[in-house]
Structure formats: structure tokens, C-alpha cells
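For reference, the chains in residue letters:
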2 protein chains.
Amino acid sequence: MLEYRAILPLLPLDLPDYVTLISTSALKTIHLDAGGKLMLLVIDGLGGLPHLETGQTELESARTPNLDDLARRGVVGLSEPVGPGITPGSGPGHLALFGYDPIAGNIGRGALSALGIGLALAPEDVGVRLNFCTIDEDGNVADRRAGRISTDLNHELVAELAAIEIDGVETEIATESQHRAVLVLRGEGLHPAIRETDPQQIGVPPLDPIALEPVAARTAGVLEDFLDGVRRAIGDRAPANFVLMRGYAGLPALETLGEIYGLDPACLASYPMYKGLATIAGMTVLDTGDTLPGQVTALKKHWEEHDFFFFHFKPTDSLGEDGDFDGKVAAIEEVDAVIPDILALGPASMVVTGDHSTPARLGQHSWHPVPFLLHAENIVPDAAAEFGERACGTGSLGLFPARSTMSLLAGYGGRLRKFGA
Amino acid sequence: MLEYRAILPLLPLDLPDYVTLISTSALKTIHLDAGGKLMLLVIDGLGGLPHLETGQTELESARTPNLDDLARRGVVGLSEPVGPGITPGSGPGHLALFGYDPIAGNIGRGALSALGIGLALAPEDVGVRLNFCTIDEDGNVADRRAGRISTDLNHELVAELAAIEIDGVETEIATESQHRAVLVLRGEGLHPAIRETDPQQIGVPPLDPIALEPVAARTAGVLEDFLDGVRRAIGDRAPANFVLMRGYAGLPALETLGEIYGLDPACLASYPMYKGLATIAGMTVLDTGDTLPGQVTALKKHWEEHDFFFFHFKPTDSLGEDGDFDGKVAAIEEVDAVIPDILALGPASMVVTGDHSTPARLGQHSWHPVPFLLHAENIVPDAAAEFGERACGTGSLGLFPARSTMSLLAGYGGRLRKFGA
């Protein structure tokens, strides 16, 4: 057998870095189209920092008898979504959990938001995030979020902007929530290489949407026309009398979880962006309503129809961003309370983790590695007896890239054949 | 922002596998040009092996109350500079700590030494390390280091060799220390692919500097001419009556720490090679004198001028190479004593580690992973209560590539933006 020659080409000698994960191409050769059901429970922004008085993180402070029991029976570790010291956005954090390269496959917010609220987006389209803002009499930004207007008012304003017409380009605009909306441009020769118009401060005018590469010149002109239309349509509707544009993005073509892992995956998320991300990975987005009980009900209802479930819980991240330590603790306890319902369905393998850390102490996403728990029937439990940052730091999974999540789930779920003879 | 298209080219989509380290191209898109000060304290050859009587390594045997306290308050782990089982040279060991690929960016010793003693070196030049040696009457090597002659005698001999002239090539030669000197060749069509002439044993003649690739044929001839000149100039100056040549090297073009991380980095090292390495990474080499107190004084003096400090301590490696277990223990304690002075300056993040292990039991560099300690304000301390090989083996950083050091320092030091939306 040509063992020597056959192996050599697999790893180019100039590969710059450590390689620890199996490639998606290799996974395609070993996935089964049958096996147990896989459960990925993402507690958004799960990781935290010690409270300055108690010395305990949010997760360590929470009373989580069910998660602790899972930790005792399973294995734990700390996962890095993007890399050491790197603070992940929600997009890269989830891409990594879904098994994609979070850097090469990085998706712009505009594309995610568009998908999340159900707008059609083709690879040649450009999605743009809009924030309604307040412009003062001198033309300067007075409030970058227009006082966080109500979602109802947002709907009214979007209806006004929907009437804007631009030659040769179809525009669609939709409310996201509060001051946030999304614009999709459809047409020939569009390109997202446009400067963001949010000056990131008040007291100065919005920036112009200039082309950052020659190929985006036409798109810059289209956006100028759109902004002229915005001025005409809502210029007198202070506090929401203009929009700032950011997160211009097209849609990457990713192989689906069906193609890579042979799965029929479903998403249980209540927040738009995560539904959008799930769609890109080829998941069916299930209707859950806006509450955790609604998500659990939908999970039970559709359990027989799919074999992979991405279950997303948002409040932990929002409360972490609000700096609300106790609120985040309570939200973690809320998730803990539904664990028995999920386990009762009998997932073959289950991961509980976050897409990144959001310590209440910092009030924002952070670079800290994320607590990770893996439970399955055929497993060697490690010594960790609870689910928390420090316990995970001693776990047998060690500190590892979050992108391992999918092959761990699939392997422990009995959905991967032996690799090689 | 060019979220989707701008990031895409950073990592080729056909990269087969996961890359656990973030690419330098991606880092450039998220570094801030402001933030806290970063401190990298390299205790050269830090890692060791258990003493055969006590069962404790050098670091475990040393009384290090300050480092132990840092370990309690921070996180620890074991770092691999080049790869599992691989013994790093000083060049790769430091390249990895500075965030470079230690294999792709490997720098020859001749180039490092030339830079370290302040010789000008252009990418088309070739640096060569010279060791004065003793040749006996039969033309065999009798002492590969000429009895470790004094640096003063080295200066005298170098003055003799400086007179050697070779057609079409400019030579510059300078003392490094003891029996070590450096030769720089400047001219057209030079190439470092030359066989080293040190036979690595005594009682045999030096090897010839033959070309290892056709492109180096001219350089081989130049070096033959140079060696003829050496024989004429110092052939009667036994014990230092000839030179052995090794470490032929040109200079690689590396992106600087300024370009990648937005840092204004400075080097506090007293040994030439490390200054040279720091220069390649774009650091300002500060004047420290030859002692640890001198290095600390220089650190304090220049603290406000820079935002990254590479502080290099050499004796631990030298004593390890001498097989001096107790001496290495004492040297580690010497470093421990200056930790409070460094902390008093208030670095935002600080790493204490080595560039490789140099166990006194082996008397040479080794492949053993290196104790690593990270301290910062926003951190989840792990259970490790002291700084030592075994404590680090239980740390929450796990066993990880040393190349993570820079992004860990930058992330924990608050100098990196969120990656992706």
C-alpha cells in the first residue's frame, strides 16, 4: 500500500498552524444518515467573571442541580469559539458551534439580520443594517439610536421608507426591533464594500456611504439615493428622522449540516439573528414563540421530525450586556429548570455551552473561554461535579476549539462511521 | 465594515482543517491602537525535570512566593513552542511567544547573532556564526570552543580576521562573546544553503563549507576563500587557530508587532541574540546593562514610552545547560524577587513563561512543555495555587501552543475588538 505517498499530500508542509479538527470533507465520507438525535443547547453569553464580592461567576452562583448532575455524568471543558484572547461576535460564535471555520466563514450582520426576519437573500444581494437615529438642526447625530424608539413606531417608519424607489434596484426594508431595521438591495452588480455611516459618536454628521473598493461604486450611489429618499420620507419625524447604515454583507455559501453530517437539523430560537444563522447552516426554523416554555413545547412537538436540534437561549447574553449579574444568574436557573424536559426526550448526545462569554462585570461579549458540557450514554465521566467555569477548567475536554462541537455531538451520538480501514 | 468580503481572503477556504490560532491577518482587523500595557516575562529555559532525589523540578524546588501568588490569582497551563515532542531552539521558542509561526518563520542563528551585536543585515546578506576552535598538528579539531577563550582575546583575533579581503564580497566580522563571533557577507548572489563546518566531534578535521543547493555555489567559494584567509591570519594563534562555521542565515521579513497588534513594543534583554530577535519583531531595544536589576531599572525608566515589554532573563537557561540544578533554582528565585517591582508598574496583562525547557538533568534544551502563567484583572482564576510544572498541568489553559501568547496578552490587556458581528 502506498501509505507514505498517500498520507503526504494530506497536510501541506507549509500549513501555518496547529490542526486539531477533522475536515468537513473527511466528515462527509464517514457520516451515517441514521443514528441518535443530537441536542445543542446554546446559552448565549454563558461564560462570566467572578463577582467582586463573592468570587463566584454567574454560572457558579446559579443554583443548577440539573446541569450539575449532567456535569457529573458527562465530561466538561472550556471552549474557544474563535481563538485565544479573541472576543467573538454572535455570528462567529455560532458558526464555530455549527462546525464552520468562524474566520473564513464570517458573516456580516446585515446578512444575518435580513435572514433572521425572514427576508429573502441571494448571494448576489446585499443586506444592510439600519439604525433609526436623531439628526439635529445642524445635521449632526444627536442620538445614534433615536431614543430606542418602540418597535411599533419602527413599523410605521419602515412603511414610509418602503415607498422609496431607486432605478434598477429592488429594495426591501423590514423592522428588526426597537430602533433596528434591515434593508436588502437586489439587483445586478451590487457589492458590500461600503463604509459604515455610523460615526460612532454624537455631535458630528453621519458619514457618507463611500465605496471602499472600485467594484462597490454603483452600490455607493444606490445607497446615496436611498438616504436622499429617507430624508424626504421621515426627515420631519424626529426623534427618528434618519438612519445610520452598517453591517453591509452578502451571504456566504456554506455547506449545510445535512451535507456535512447527514443531519436533518432544526432550530429553536426566538431571536431573529439566530434563526438567520440557522438557515445558513441549512436548519429548518421551527415556530417557538418568544418564551423558553414555548421553545420547549416546540421541541417536544417536532422531536420526531428532525435529528439535530439547535436550541438557543438569549436572555443570559442580554442580561450580561446590561451588567445585571443577578438577572443573568436567574436566567441560567431558568434554563436549568427545563433540562429534565429536554432529557426526557432522550437525545443520544447533548452539549450545553455558550457561543461566547458575556460577563456581567464587563457588560459586553468577552474573550474568556466558554463553559462546555457534553452528555451521552457511552462516555467516561471526568471528575467535574458541577457546571461552572472553574469546574470546566479541570474537565477532561480541556481547553479546545468550539468548532469541535459538531463532531463530538455526531460521534457520541453514534452518527459517524469508523474513519479509515 | 467589510464584514464578509474583507475577512474571506484571510484564510483560504480550502484550508482542510481547523486552525486554533487566529491568523495575523484577522488580528490586524481587530487590534486597537490603545489599551493597557502588556508584559511578557521570558525566563529562558524555564521548564525542568524532577530532581532524582527530591522528585521536584527546578521551578517546583525554588521558593517563589510572588510567582505562586500570581498563579493563585491568574490562570496557568503548559505551552508548546513548536509542537508536541519537539525541542525548540531559542529562535523558534521566541518566535512562537511573539505570535509568529515558529516553523515557517524560522530564523537562522547567524542572522540572529549578527543583529544581536548590531551588525547591519539586509535580506540579501548572509550571516554566519563563527566559533574559534583549536586545530591540532594533524589538522583535526582538538577543541570545538578553543577552551572558551576570553572575550578580550576574541576581539584581538577578530581584528586580525577583519583584514581578510575577498573579491566582490564585503565581509564584516564582530565578536559575540568568549569563542563566538559573527561574520556577515554582503554582495550579489549570496545564499545560505551551505553545510556547517563544525564536525560536532573532536579528532576529525573540520568539514568543508560545500553548497547544499546549486544556488549557493558562489557562496561556498567565498567561504573557502575566507577560511584560507583565517588560516593565514591566525593559524599560529593556538588555542584559537581556526574557526568553525554554522548557522548560515539570511533575514526573514516578518510583520512587526506594531503592524499585527498595533503595539509599540520594547525589549529588555541583556544577551545579544534576544535583542536581535526583538529587532526582527519590530521592538525597540532598550539599554539594560548586563544584570537583572539593570533590566528592572530600564523597565521602570521606559514604562511610559511603550505598551508591550519583552523582558528576557537568560541565566536559567545557561545554568540548565551547565547541569546546575541548584544554580537554576537560585536563578528562578532571583526572578521571583523582582516580580513585585514589575507588578507595581501596573501591566494590564502579564505572562510569565519560558521559550522552551532546559532541564538541568539533561543539560540542554528539551521538548517538555513549558510552565505558563497569565495574570490580568478580568480573569477566572483556576485552582492552581503555585507556579510549577505539575500545577501548570492542572491549569485551565491546558496544554496549548505558545503561539497563543500574544493574542492572550492582547485580549486580556483590552487591546482587541470583537471579531465579527
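Given the structure is predicted, the values throughout are model-derived calculations rather than measurements. (Residues numbered from 1 in each chain as written. Chains lettered and ligands numbered in written order. Predicted model: local features only at pLDDT ≥ 70, side-chain atom pairs only at ≥ 80, totals over all residues.)

Enquirer: Explain the sheet that holds strand S11 (residues 349–353) of chain B here, please?
Expert: Strand pairing in a sheet relies on backbone hydrogen bonds, with the paired strands running either antiparallel or parallel. Ordered by their spatial adjacency, eight strands build an open sheet running S9-S8-S10-S1-S11-S12-S2-S13 (chain B), and the pairing between neighbours is mixed. The open sheet has two edge strands, strand S9 (284–285) and strand S13 (398–401) of chain B, and neither has a second partner. (Pairing = 2+ DSSP bridges. Helix = DSSP H or I, 4+ residues; strand = E, 2+ residues; numbered from the N terminus.)

Enquirer: So what exactly am I meant to see when it comes to the domain arrangement of chain A here?
Expert: Where interface size is given, it is often the accessible area lost as the parts come together that is meant. All names here are of chain A. Here chain A is described as being made up of domain 1 (31–107 + 254–412) and domain 2 (111–249). Spacing between the C-alpha centres of domain 1 and domain 2 amounts to 33 Å. Opposite the nine residues of domain 1 that make contact, domain 2 presents nine residues. Among the elements that make up the side of domain 1 that touches domain 2, the one with the highest residue count is helix H10 (residues 272–280) (seven residues). (Domains from an automatic or database assignment. Contact = placed C-beta atoms within 7 Å.)

Enquirer: I tried to follow the pairing of strand S3 (residues 126–135) of chain A on my own but got confused; where do I start?
Expert: Looking down a regular strand, the side chains alternate between one sheet face and the other. All names here are of chain A. With 10 of 10 residues buried, S3 lies mostly within the body of the structure. Along S3, one buried face is formed by Val126, Val128, Leu130, Phe132 and Thr134 and the opposite face, lined by Gly127, Arg129, Asn131, Cys133 and Ile135, is buried too. As judged from the six bridges shared by S3 and strand S6 (residues 180–186), these two strands associate in the antiparallel manner. Looking across to S6, one finds that asparagine 131 is bridged to arginine 180. In this structure, S3 lies alongside strand S7 (residues 242–249), joined through six bridges in antiparallel fashion. Bridge pairing in S7 places asparagine 131 opposite leucine 244. Pairing geometry for S3 and strand S4 (residues 141–143), over two bridges, is antiparallel. Bridge pairing in S4 links isoleucine 135 to valine 141. (Buried ≥ 20, exposed ≤ 12 C-beta atoms within 10 Å, placed from the backbone.)

Enquirer: Any chance you could explain unusual backbone geometry here in plain terms?
Expert: A negative phi holds for most residues other than glycine; trans holds for most peptide bonds. Note that the residue after alanine 238 of chain A, namely proline 239 of chain A, is joined by a cis bond; omega there is 10°. Counting through the fold element by element, proline 239 of chain A comes out in the loop between helix H8 (217–234) and S7. You will see that alanine 146 of chain A, though not glycine, has its phi angle at about 50°, which is positive. Inspection of the secondary structure puts alanine 146 of chain A in the loop between S4 and helix H7 (151–161). You will see that glutamine 178 of chain B, though not glycine, has its phi angle at about 50°, which is positive.

Enquirer: Which parts of the structure should I look at to understand the sheet that holds strand S8 (residues 265–268) of chain A?
Expert: Read from one edge to the other, the open sheet built from eight strands follows the order S9-S8-S10-S1-S11-S12-S2-S13 (chain A), with strand pairing classed as mixed. The strands lining the two open edges of the sheet, one partner per strand, are strand S9 (284–285) and strand S13 (398–401) of chain A.

Enquirer: Please explain the environment of valine 169 of chain B as it appears in this structure.
Expert: Residue and element names in this part refer to chain B. Following the sequence through the fold, valine 169 ends up in the loop between helix H6 (151–161) and strand S5 (170–177). As a C-alpha pair, valine 169 and glutamate 188 span 19 residues in sequence and 7.7 Å in three-dimensional space. Residues within four places of valine 169 in sequence aside, it is in contact with Leu185, Arg186, Gly187 and Val222.

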